[in-house]
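# Working through the structure, step by step
The chain contents come next:
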Amino acid sequence: MDMSVECVASASALQHQQSVSGVVVAKGNIVGVPCCALLYCKFEIMKWNGWGYSDSKFLFNKKGQAEFTGKRYRLSGMIIPGLKDWMEGTFGANLQHKTPATVSPLLTSSAVQPATLNKAFLEELKSTGIPFSHDAEDRVFRAHGHCLHEIFALREGKFGRVPDMVVWPNCHNDVVKIVELACKHNVCVIPYGGGTSVSSALECPPEETRSIVSLDTSQMNRILWIDEKNLTAHVEAGIVGQDLERLLNESGYCTGHEPDSMEFSSLGGWVATRASGMKKNIYGNIEDLVIHIRMVTPRGVIEKSCQGPRMSTGPDIHHFIMGSEGTLGVVTEVTMKIRPMPEYQKYGSVVFPNFEQGVACLREVAKQRCAPASIRLMDNEQFKFGHALKPQVSSIFTSFLDGLKTFYITKFKGFDPNRLCVATLLFEGDREKVLQHEKQVYDIAAKFGGLAAGEDNGQRGYMLTFVIAYLRDLGMDYYVIGESFETSVPWDRVLDICRNVKARIIQECKDKGVQFPPLSTCRVTQTYDTGACVYFYFAFNYRGLSDPVHVYEQVEHAAREEILANGGSLSHHHGVGKLRKEWMRDTVSNVGVGMLKSVKDYVDPDNIFGNRNLL
Amino acid sequence: MMFLSLQHRDPMLKKRDDFEDMLEERRNSSDLRYALRCYTPVLYKGLAPCKASMLKSMVLQSDQLHHVIGQVSRETGRAADDVQEEASAILEEMAHCLQLSTVRFFAFTLSKVFKTLFRSICVNEEGIQRLQQAIQEHPVVLLPSHRSYMDFLLMSYILYTYDIALPVIAAGMDFMGMKFVGEMLRMSGAFFIRRSFGGDKLYWSVFSEYVKTMLKNGFAPVEFFLEGTRSRTSKSLTPKLGLLNIVMDPYLKGEVYDINVVPVSISYERILEEALYAREMLGVPKPKESTSGLFKARKVLSEDYGSIHVYFGQPVSVRSLAQGRVNRCQFNLVPRHIPRRPSEEIQSFVNDSAYRLVRAQEENMVLKPWVLLASLLLQNHHQDQTAGQKRGMVLEELTAQAVWLRDMFREYGAFLHWPVVLLDICVGGQVKPGEPHSTVTPEEELLSQAVIVLSCASYRNQGLHVFLRPALLASAINAASSNLKQEVFNSFSFLRNMFSNEFILCPGATVQDFEEACYLLVKTGALQVTQQELLVTERGQRTVAFLTSMLDPFLQGYQVVCRFLCEEATENLTEKQFVPAVRKFIIKHLLAGRLRYTEVLSSDLQKNSLAALLRLGAVQKIKGRIKLSKVTYSSVFLLRTCVNLTYNC
């Protein structure tokens, strides 16, 4: 019997005790000039050289068992008995061989390049009363996203070009002032939201000689109004995903936009990268959710004059903004669709005998347009990985039951444990409809040999989404580096692209001298009418390599070439940044690049927003 | 990565595997037990073998076939069911139905036959191991050279012996004519394709889908002959691209990660069909394959055909071949199941690959001493003829020359199989190509002598690829008006272009070939290369003379075809009439003593030269008739003047 969870306060699988801005938002009157770093920096609660909260991380305890610290997640405080064996078995990693981060988290400003300050700009900025800082810690914290090479460099204490100062505008008008001053004094501005970029978008161009100002939107985090008649909310763009949901939940609403990074990523960042949320099947991606955008550009403010649900007024100017990746201006305020919170939420999972059957099932679900809020299909390697992250079970009964389930699936149903794969499901809505919907999906699954595998597996699958990023830090302590990347691809190509990209990764690792077989796995994370979004995870043990990051980058590059050669897109939602720039021309054609260039040239002729992403 | 072996700068450095005689065990243990032994080949990624019927239904249900059936039905107005039925009938006619029992039957009988016919069948076991590995990794295509009907039976026999998945083999429809045998072959893994189906969309679709389905799913290695047909001359033939296009398609479209292509070189000491081939080229048509013919042919069982060497080459990864050559994104915008003409990029890629693969076959061909002896004897024979003598060669002289030639072969990287005791069968006296007995008319005498010369030439031809490039250079040096590098290169390039239907010369590789030829000649001390000039050294004279006279018969062949076209060709010469007409013309000149090489009677040579002239635009084909093109008359002229040989009329 499946037990269902009544909808909890937070719509996500997170169980946060405190949130990022929950502390930072203790503001009200921040007018210290220059301000104290601690007030605005997140690294009291956040790691500066790894993912997420400082108190949450994987480690091997004295008994050599893996455990996840902190209290924020369902997995927090639990022992994960299978993880050690999995790491040793999958990567050939060894607990004896450690590679701890080499610098202490306490940064000394001497390690960081001295700030190139534009005196005139600074003087005028002071007079506006907008808080700023040129403290080394503040600057380093905003000089990177979460690409492997960025974190790896931080752990080694290597800092390249970092912003010369950080400003914290408090509202739209502050941004207008900052951008005006930047234009006047020819200062380069790089907008900074949640800092979760994985496209090198936040990296400062090393060739930039002007003073670089990191414009941190974190203080612009209020919901300005909620319109219950039209079901819209007007929100400042610096708000972080989980705060937005929490605050809306308090009024009985939600946006339903839940990207995997929603704990830390910001609304402005979503708009600037064309983000996608886990539950897009019900709520839509960011382009479906946005009703109105306000952006400050060097030419002035761009926005539409009304909030009609659809317009035929030439090309949609929102589409110049969405995906502009900080090259045109700063998104300051957004009006978004909101929905009443769902009455009922239910997780689920299905085991398939193999990945092919799983994909066929997802395709059928998409065809019948009955996808649940979320449906994801993990391949066999990821299934095993998920299995390795199962926390210690408390009772003998549960473990007996687990054994029985395994027996049923592998022996009775004849599933090959080395081929089977799992789909995780999340249903949302009216209780009745959810149950009906659930039956429909399970019926389709049965046609493809799928067996319902319980709610718990499903829920754990979604929980893993949030902790997987922490796991990379653990790997990096033991010579294992890795990353994920995504693409979107037509249905008929899904199986081919999964097989070929995984095989390419393995071959490239071998060719590049990686001594241990890599982890090369994928999952289908979103379904559309005509195709799907596929995520690849890739990690390897770099013992014996002199320049692991370079090897890593070569392999990722090859994998992206393989994706493109197999009909995959350059990106489904991570964006282009600087990491994937080289393929833009092939992706959108010469004329396409020219169009985008001409927009950039008009909006920002002096390249004030000079992060050099995209083009 | 896998292709490195083809790109060695210095052929001497080529590392080749050792051979094992697989007949040895057959002579020492029971054939019956061997035929009935447990056969458990390793399969692609541990796949379970698939029944022939399942394969058929996969093909019939494929998207591609559905699409084409729809298209054909719309175009012809026939009912889709009707077209579907036709497709199904085509598939019935085509498909293999591999049965282990038949394979075992062949294993038994072939053991008996092989032991009678051949002294040994030598296989490089390392190559077999590489193949086994390749089969597990990716779908495999086997590309054996094609010199004899024996080839594919031999291949399956070897694979069965080494416990490797039996291939499915593309065979010409002509076999189907042989009752019973055709079915036997089908049950041993052959599938049959019509020789021509130019515009038949449906046929093409069924055929390509059938091959791709087998390949993609890794059910069995697909085997076919890149040369399309048996080479009658022992020279490799210009590769046919149809099937290669089909088997590369799944990789290019991303349906498989990679495909391993394994060139296999089968070298016969003596080819079963040897006498037949010579007659066929002289105008005695090829006998239609029939079962009774097969039984009549059983008299070959009483003869000695020496040994066979089968060399399984390095598997070539299609992925690495295509690396940087093909942009696979071109398939992104049209559904992959809709058949489209391959783009120019792909056509040229497949073409280049085909040449490289045939070259790979050539390089691992094992050459026996007979190849060298035949070359020497033929050259001597021609000299004798010019001198009007019938001397032959003194054995000691032949031996000495053979040793000289052997060393040259080795330096050029040939794969020689040189026995420790040489010429144990030669009994003193003089050696020369045989003399025909009891003939009636001079023409008949000429023809029966030609049979012997052509047979002899087919031995020589086995070694041609070894010094083709140096020989082209030697001829170019002879033909060029000066020693200037540029002049020689121009003349080399002309000859190379002229002969690219005759020999395997990779398209677009003129400069590399020229450099390779220079390198080899310089290395062996025959040539000096200065900034401006190419100079033949004193000791190089002999080499250059030898090399030039290797190509002379071919040059004369092309010349005489040109002469024929200029002088005798009537307005209404059809392609069909061409060979008989040119043959008549040649016989006339040969009998009059105006031509030196009997070899030019070879219809293969004549057809190749016509093809070359067509390609070069010297000749045009208008409504099936062959016409000299006026505009490019100069190209014929060029050919005639290019090489100043003893063409005395």
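Residues numbered from 1 in each chain as written. Chains lettered and ligands numbered in written order. Predicted model: local features only at pLDDT ≥ 70, side-chain atom pairs only at ≥ 80, totals over all residues. Heavy atoms only, no water.

With an unreviewed UniProt entry as reference, chain B is termed Glyceronephosphate O-acyltransferase, source organism Sparus aurata. According to UniProt, the comment filed for chain B under the heading Pathway (unreviewed entry) is "Phospholipid metabolism." The heading Sequence similarities (unreviewed entry) in the UniProt record of chain B holds the text "Belongs to the GPAT/DAPAT family." (UniProt positions renumbered as here; feature names shortened; annotations may be inferred.)

Labelled according to an unreviewed UniProt entry, chain A appears under the name Alkylglycerone-phosphate synthase, originating from Sparus aurata. In its Subunit (unreviewed entry) section, UniProt records this for chain A: "Homodimer."

### Examining the UniProt feature "site: Important for enzyme activity" (unreviewed entry) in chain A
All names here are of chain A. UniProt records the feature "site: Important for enzyme activity" (unreviewed entry) at Arg376, using the numbering of this structure. Topologically, arginine 376 is positioned in strand β16 (residues 374–378). Judged by relative accessible area, which is 5%, arginine 376 ranks as buried. When near neighbours in sequence (up to four residues on either side) are disregarded, arginine 376 contacts Asp260, Met278, Val422, Ala423, Thr424, Tyr462, Thr465, Arg523, Val524 and Thr525. A distance of 3.0 Å separates a polar atom in the side chain of arginine 376 from a polar atom in the side chain of aspartate 260. (Helix = DSSP H or I, 4+ residues; strand = E, 2+ residues; numbered from the N terminus. Buried < 20%, exposed > 50% of the residue type's maximum accessible area, 1.4 Å probe, protein only. Contact = heavy atoms within 4.5 Å. Polar contact = N/O pair within 3.5 Å; in protein donor to acceptor, adjacent residues only side chain to side chain.)

### What to know about the environment of leucine 473 of chain B
Residue and element names in this part refer to chain B. The residue leucine 473 is located in helix α19 (residues 464–479) in this model. Look at leucine 473 and you get buried, because its relative accessible area is 0%. Once the C-alpha coordinates of leucine 473 and leucine 495 are considered, the two residues, 22 residues apart in sequence, prove to be 8.9 Å apart. Beyond its immediate sequence surroundings of up to four residues, leucine 473 is in contact with Val488, Phe492, Phe514, Ala517, Cys518, Leu521, Leu527 and Leu534.

### A look at the pattern of salt bridges
Counted under the stated rule, the structure contains 66 salt bridges over all chains. Between arginine 472 of chain A and glutamate 483 of chain A there is a salt bridge whose closest N-O contact spans 2.7 Å. Separated by eleven residues along the polypeptide, arginine 472 of chain A in helix α17 (residues 455–477) and glutamate 483 of chain A in strand β19 (residues 480–490) bring together distant segments of the chain. Residue class for glutamate 483 of chain A comes out buried when judged on its relative accessible area of 10%. As a salt-bridge pair, lysine 235 of chain B and aspartate 604 of chain B come within 3.7 Å of each other at their nearest N and O atoms. Remark: aspartate 604 of chain B occurs in helix α24 (residues 603–616) and lysine 235 of chain B occurs in the loop between β6 (222–223) and α11 (242–252); sequence separation between them is 369 residues. If you follow the salt bridges from partner to partner, you end up with Arg504, Glu508, Lys512 and Glu562 of chain A together with Arg319 and Arg328 of chain B in one network. (Salt bridge = Lys/Arg side-chain N within 4 Å of Asp/Glu carboxyl O.)

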